[in-house]
Amino acid sequence: MKEHTKRLLLPSLGDFIFLIVFLFLVRMLPTMLYSDGGTGWHLATGRFIVETGSIPFNDFISYTFPNQPWISQYWLSDLVMYGIQNLLGYNGLAVAFAACYGAFFLLLYHQCRNEGGSALLAFFMALTGACASSVQFLARPIVVTWFMVGLYALLLERYQKRIMSPKALWLWLLLTSVLWANCHSGYIIGVTQVGIYFAYNLAVSMFHSQAPMRAQLADGAKTLGIGLVCVLVDV
């Protein structure tokens, strides 16, 4: 019991991944999160929603296309971003985004470990991923797509390994696709992810030499096909 408690209290390599990303953004390069001008119009949209109680359908920001038809695909993220900024200021919003990016790579580390990777390999892969994607460390709704892509990969793999039931998969896809489509336009990546698993199961079921495996893959293709419809209907 003491040994288990000791392990929980001691930091893991994953914790260091979180700290590296978090401190890099809030201490070493604090202006990076606000280096994209899009943050401002996300906050302006969030403020518009709070003040008017409605989602904008016309461009109220740019001077080149005033009042032109415009659909804000990020409205839910904009509302959350404005809420954080209004309560905690710009520094608080920066800390929130830095924590989100750090948490993403912490979760990536743990997923690598759960798949059988060593601690050092998982640390290296997570750190490499953080370095490669650092150009997108911005205070923008894209962070939602990061988490959703990871979640969809986890859900689809769990179903593929028959750890998750078809009904559970459908429910998760229905709920998360609604959230994703109203937070960031990257939801098309989720459609692609489900489509790839569907195509794989369908193709292999047609050519597999063993009848039981063909039937299992055909069932998988049907389940993922319905899942794909769920996502497309939502978005």
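Residues numbered from 1 in each chain as written. Predicted model: local features only at pLDDT ≥ 70, side-chain atom pairs only at ≥ 80, totals over all residues. Heavy atoms only, no water.

**Q** Before we move on, could you go through the overall build of the protein and cite the residues and values that matter?
**A** Broken down by element type, the protein carries 9 helices and 0 strands. Sequence-ordered secondary structure for the protein, helices as α and strands as β, is α-α-α-α-α-α-α-α-α. A total of 235 residues make up the protein; the buried ones form 35% of that total. Sequence-distant contacts in the protein: of pairs separated by 6 or more residues, those separated by 24 or more amount to 70%. A total accessible area of about 13500 Å² is found for the protein, and carbon and sulfur atoms account for 69% of it. (Helix = DSSP H or I, 4+ residues; strand = E, 2+ residues; numbered from the N terminus. Buried < 20%, exposed > 50% of the residue type's maximum accessible area, 1.4 Å probe, protein only. Contact = heavy atoms within 4.5 Å. Areas by Shrake-Rupley, 256 points an atom, 1.4 Å probe, with all protein chains shown as cover.)

**Q** Hey, could you go over the layout of surface pockets for me, with residue numbers and the actual values?
**A** Taken as a whole, the largest pocket holds about 490 Å³ of empty space. Around the largest pocket, the lining comprises 17 residues; the ones closest to its centre are Leu107, Gln111, Gly150, Leu151 and Leu154. Secondary-structure elements contributing two or more residues to the lining of the largest pocket are helix H4 (75-114) and helix H6 (142-160). Partitioned by chemical class, the residues of the lining of the largest pocket number 9 nonpolar, 4 polar and 4 charged. Taken as a whole, the second largest pocket holds about 210 Å³ of empty space. Lining the second largest pocket are 13 residues, with Val80, Phe97, Cys100, Val143 and Val144 sitting closest to its centre. Elements that contribute at least two residues to the lining of the second largest pocket include exactly H4 and H6. In terms of residues, the lining of the second largest pocket owes the most to one element, H4, which gives 8 residues. Of the residues assigned to the lining of the second largest pocket, the class counts are 12 nonpolar, 1 polar and no charged. (1 Å grid on protein atoms, 1.4 Å probe; cavity = no way out; pocket = protein on both sides within 12 Å on 5 of 7 lines; lining within 4 Å. Points joined across faces, edges and corners; volume = space filled by probe spheres on them. Nonpolar A, V, L, I, M, F, W, Y, C, P; charged D, E, K, R; others polar.)

**Q** Report on the packing of H4 against H6, specifying residues and quantitative values.
**A** Interaxial distance between H4 and H6 falls to 9 Å at its minimum, and their mutual angle equals 35°. Helix-helix and strand crossings are classified by hand; for H4 and H6 the assignment is left-handed. Seen from H4, the contacting residues are Ser77, Phe97, Cys100, Tyr101, Ala103, Phe104, Phe105, Leu107 and Gln111; seen from H6, they are Ile142, Val143, Val144, Trp146, Phe147 and Leu154. Considering only residue class, the contact of H4 with H6 consists of 13 nonpolar, 2 polar and no charged. (Axes fitted to C-alpha atoms, helices over the stretch in contact; angles between N-to-C directions. Left-handed = near helix turned anticlockwise from the far one by under 90°.)

**Q** Explain unusual backbone geometry to me, using residue names and the numbers behind them.
**A** At Arg162, a residue that is not glycine, the phi angle is positive and equals roughly 65°. With respect to the helices and strands, Arg162 occurs in the loop between H6 and helix H7 (166-181).

**Q** Which residues make up the confidence of the model for the protein, and what values do they have?
**A** Averaged over the protein, the pLDDT score is 84; the fraction of residues at 70 or greater is 88%. Here helix H1 (residues 2-9) is the element of the protein with the lowest mean pLDDT, 51, and H4 is the one with the highest, 94. (pLDDT = per-residue confidence, 0-100.)

**Q** Can you tell me about the environment of Ile55, naming the residues and giving the values?
**A** Considering the arrangement of structural elements, one finds Ile55 in the loop between helix H3 (38-52) and H4. Put simply, Ile55 and Gln73 are 18 residues apart on the chain and 9.9 Å apart in space, counted from C-alpha to C-alpha. In this structure Ile55 touches Phe48, Ile49 and Trp75, once residues within four positions along its chain are discounted.

**Q** Describe in detail the packing of aromatic side chains, supporting the description with residues and values.
**A** If you walk through the whole model with that rule in mind, you get 15 aromatic pairs. Here the aromatic rings of Trp41 and Trp70 are separated by 6.1 Å at their centres, their planes lie at 70°, and the arrangement is edge-to-face. You can see Trp41 sitting in helix H3 and its partner Trp70 sitting in the loop between H3 and H4, a full 29 residues away along the chain. Through pairs of rings, three or more aromatic residues link up here, namely Tyr101, Phe104, Phe105, Phe137, Trp146 and Phe147. The side chain of Arg162 reaches across the aromatic face of Tyr159, ending 4.8 Å from its centre. (Phe/Tyr/Trp six-rings, centres within 6.5 Å; stacked < 30°, edge-to-face > 60°. Lys NZ or Arg CZ within 6 Å of the ring centre and 35° of its normal.)

**Q** Any details on the nonpolar core? Residues and values, ideally.
**A** In globular proteins that are soluble, nonpolar side chains generally tend to be buried together. By size, the foremost hydrophobic cluster in this structure holds 24 residues, and its most contacted members are Val21, Leu25, Leu33, Phe97, Tyr101, Phe105 and Phe137. The greatest single-element share of this core, amounting to 9 residues, is contributed by H4. In contact with Tyr101, not counting residues within four places along its chain, are Val21, Leu25, Leu33, Gln136, Phe137, Leu138, Arg140, Ile142, Val143 and Trp146. (Core = buried A, V, L, I, M, F, W, Y, C linked by side-chain atoms within 4.5 Å.)

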